[in-house]
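Examination of the molecular architecture
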Amino acid sequence: MKKVNYNESMLSVVICTYNEENNLPRVVKSVKDLADEIVVVDTESTDNTVAVAKKLGCKVFHHKNTRIIEPVRNFASSKTSGDWILLLDADEEVNQELATEIKQILKKPSADVYKINRQNIIFGKWIKSDHWWPDPVFRLYKKGSLVWQDEIHSLPQISGSQSILKNPLIHHNYQTISQYLKKLDVYTDIQAKELIDRDNSFDWTNLVKKPFAEFLSQLFARNGLKDGHHGLVLAGLQAFSELVVQIKVWELSHFPINDLSLTDFQSQILPLQKELK
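Conventions adopted
- Residues numbered from 1 in each chain as written.
- Predicted model: local features only at pLDDT ≥ 70, side-chain atom pairs only at ≥ 80, totals over all residues.
- Heavy atoms only, no water.
- Salt bridge = Lys/Arg side-chain N within 4 Å of Asp/Glu carboxyl O.
- Helix = DSSP H or I, 4+ residues; strand = E, 2+ residues; numbered from the N terminus.
- Buried < 20%, exposed > 50% of the residue type's maximum accessible area, 1.4 Å probe, protein only.
- Phe/Tyr/Trp six-rings, centres within 6.5 Å; stacked < 30°, edge-to-face > 60°.
- Axes fitted to C-alpha atoms, helices over the stretch in contact; angles between N-to-C directions.
- Parallel < 35°, antiparallel > 145°, perpendicular 65-115°, else oblique.
- Left-handed = near helix turned anticlockwise from the far one by under 90°.
- Contact = heavy atoms within 4.5 Å.
- Nonpolar A, V, L, I, M, F, W, Y, C, P; charged D, E, K, R; others polar.

Let's talk about the pattern of salt bridges
Tallied over the entire structure, the rule returns 13 salt bridges. With a closest N to O distance of 3.4 Å, Arg-139 and Asp-89 form a salt bridge. Highlighted residues: Arg-139 in strand 9 (residues 137-142) and Asp-89 in strand 4 (residues 84-89), separated in sequence by 50 residues. The class for Arg-139 is buried, based on a relative accessible area of 2%. According to the relative accessible area criterion, Asp-89 is buried, its value standing at 18%. The closest approach of N and O atoms between Asp-185 and Lys-248, which form a salt bridge, is 2.8 Å. Within this pair, whereas Asp-185 is found in helix 5 (residues 177-197), its partner Lys-248 is found in helix 7 (residues 228-252), the two being separated by 63 residues in sequence.

The structure is reproduced here in structure tokens:
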């Protein structure tokens with residue numbers, strides 16, 4: 001960790017973890033000369049994450065595994081000593097350009113909360129479609145100016161002014177298809193339950209419309225095609241995710257049984273075929 005200069009703001013780096021023994025050394029190394037302290041909050045890891053964090057000199061706290069990160073981030077923020085917080089995931093990395101920019105910002109901040117764009121590296125490639133880039137996220141903030149909502153992928157509640165940094169954060173996102181599918185299973189569980197909790201009943205037409213719309217959106221509206229095979233595969237995976245959400249809504253609705261005729265099915269497919277022409 002850097003030596004404290006009492007003329008500068010103190011920066012706490014926060015990393016929330018679950019089974020991140022392989023990723024943690026890289027992210028910690030990337031902020032070692034930037035942070036005044038590194039706080040790791042572990043959510044019941046079953047590997048050596050906690051031991052690795054302690055060996056790297058991090059302050060370690062524990063939180064139950066809530067399956068979503070937002071409540072853990074609020075807890076982690078409360079454990080920091082710094083005036084400012086840089087929130088990172090274990091699979092992220094701060095390069096030298098971003099570290100230098102953060103140091104300059106903290107000397108004379110012009111806002112209370114800063115977004116940072118993320119370079120998503122997926123299956124070995126920086127993905128540049130509109131869904132994955134620039135992917136701005138709220139990560140650098142004055143302590144007390146940001147509170148996370150207890151919903152998956154929700155936007156935080158912010159008090160104070162906002163700005164955005166010029167240099168991006170490197171995000172070593174999905175490395176394998178299996179990793180993507182494991183996270184998909186977790187996320188779709190939560191998304192389906194949220195739909196049910198909002199009184200969204202199962203509608204079989206969503207099994208057709210939602211995945212197809214997502215596939216087209218990823219490929220064309222969000223320019224996924226410019227990422228080549230990666231873009232095509234990711235569009236398919238995102239569409240599959242939408243399909244799984246709707247199937248899990250059906251499951252949570254206790255698998256209602258309804259007849260489905262060829263005419264019913266064609267009524268949904270034919271308009272979609274026209275969109276492809």
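So much for the structure itself; the text now carries on.
Overview of the packing of aromatic side chains
Scanning the model with the defined rule gives 5 aromatic pairs in all. Measuring from ring centre to ring centre gives 6.2 Å for Phe-202 and Trp-250, while their planes differ by 40°; the resulting arrangement is tilted. Here Phe-202, found in the loop between helix 5 and helix 6 (206-221), pairs with Trp-250, found in helix 7; they are 48 residues apart in sequence, far enough to count as distant. Residue class for Phe-202 comes out buried when judged on its relative accessible area of 18%. Between Trp-250 and Phe-255, the aromatic rings sit 4.9 Å apart at their centres with planes inclined by 80°, giving edge-to-face as the arrangement. A relative accessible area of 30% places Trp-250 in the partly exposed class. Phe-255 gets classed as partly exposed once you look at its relative accessible area, which sits at 44%.

A word on the packing of helix 5 against helix 7
Contact geometry of helix 5 with helix 7 gives a least axis separation of 8 Å together with a crossing angle of 45°. As the angle between them shows, helix 5 and helix 7 are arranged oblique. You can see that helix 5 and helix 7 cross each other, and the crossing is right-handed. Note on element contacts: helix 7 touches helix 5 through Leu-237, Gln-238, Phe-240, Ser-241, Val-244, Val-245, Gln-246, Lys-248, Val-249 and Leu-252, opposite Ile-177, Tyr-180, Leu-181, Leu-184, Asp-185, Thr-188, Asp-189, Gln-191, Ala-192, Lys-193, Leu-195 and Ile-196. A class-by-class count of the residues in the contact of helix 5 with helix 7 yields 13 nonpolar, 5 polar and 4 charged.

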